[in-house]
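Close look at the chain arrangement
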Amino acid sequence: MTYKQAEQKGEQLLQAAGVMDAKIDAWLLLEMVAKIDRSFYFTHTNEDVDPEVITEYERVVEKRAEHVPLQYITGEQEFMGMTFKVNSNVLIPRQDTETLVEETLKVIEPQMEVLDLCTGSGCILLSILKNAPAVKGTGSDVSKQALLVAKENAKLHNLEADWVRGNLFDNITGAYDVIVSNPPYIAQTKIPSLMPEVAQFEPIQALDGGPDGLDFYRKITQEAPKYLKENGYLFFEIGFDQGVAVQQLMTDAGFKDVAVIKDLAGNDRVVKGQIR
């Protein structure tokens, strides 16, 4: 089987399984397994592929056809111009979340201390640390397995951070200039209707925001003032329809200048505020 035939077969199988971006995913999986790039592919299109490579390619295409997320197969995802290791213990970093990082960086100054709640892969905190030198960071997550991924990503990018295992503010001490969080915010009843890549494979505890999706926002906004320095900031990622509700929660909890920021698609994506 040639490289072209292999890619075409992979694309056909993924299309038949209803996988979005079947052509792109078929190529990316072939690129990973065969260890080739586009230049090689176009100059060797009609050459035969090693049978062992074909066997492995068929295996990973079959996994993708079962709607296992591409990133869990390749083991990585790009975010804020950085490559992060991911597995089924963490949410896959998404471009929407870059808005949260970008907005947080606007208030970051040298020597500030940042706390990232529900850190997962660590992509938010580590992106902040990468782009804001001389800042101290702490990432917290209830999942031991998620923290292992975050630590691996910190090592990958040669960044120093403290990692704490706990449910939100459990085991957190001291005060911070900035608290940032992309908490679980999907309403329980909506989870089964998500695309299968998310509903069936991404960690449920990183998705489930309670009956209305706002449970974590309530808890964090109530407790955050105790862990913020004077004039400290709180930043949240939110679902596209949660801006008004989260803005009100933060205002009621004593935050000032509470604002909702849209992402590049024009959807409400971030709510930020400053402690009075």
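Residues numbered from 1 in each chain as written. Predicted model: local features only at pLDDT ≥ 70, side-chain atom pairs only at ≥ 80, totals over all residues. Heavy atoms only, no water.

Turning our attention to the overall build of the protein. What the protein contains, in helices and strands, is 11 helices and nine strands. For 276 residues, the compact-globule formula gives about 19 Å, and the C-alpha radius of gyration of the protein, at 21 Å, lands near that figure. Principal axes of the C-alpha set define a box for the protein whose edges measure 65 × 40 × 35 Å. Counting all 276 residues of the protein, 51% fall into the buried class. (Helix = DSSP H or I, 4+ residues; strand = E, 2+ residues; numbered from the N terminus. Rg over C-alpha atoms; globule rule 2.2 N^0.38 Å. Buried < 20%, exposed > 50% of the residue type's maximum accessible area, 1.4 Å probe, protein only.)

Right, let's talk about the packing of helix α1 (residues 3-16) against helix α4 (residues 51-65) for a bit. Packing of α1 against α4 brings their axes to within 9 Å, and their N-to-C directions diverge by 20°. Classed by the angle they form, the pair α1 and α4 counts as roughly parallel. Once α1 is placed against α4, the crossing between them reads as right-handed. Where α1 approaches α4, its residues A6, E7, K9, G10, L13 and L14 are matched on the opposing element by I54, Y57, E58, V61, R64 and A65. Taken together, the residues of the contact of α1 with α4 sort by class into seven nonpolar, one polar and four charged. (Axes fitted to C-alpha atoms, helices over the stretch in contact; angles between N-to-C directions. Parallel < 35°, antiparallel > 145°, perpendicular 65-115°, else oblique. Left-handed = near helix turned anticlockwise from the far one by under 90°. Contact = heavy atoms within 4.5 Å. Nonpolar A, V, L, I, M, F, W, Y, C, P; charged D, E, K, R; others polar.)

This part takes up the environment of T104. With respect to the helices and strands, T104 occurs in helix α6 (residues 98-105). Separated by 81 residues in sequence, T104 and Y185 have C-alpha atoms that sit 19 Å apart. Every residue in contact with T104, bar those within four places of it in the chain, is listed here: I128, V178, V180 and F235.

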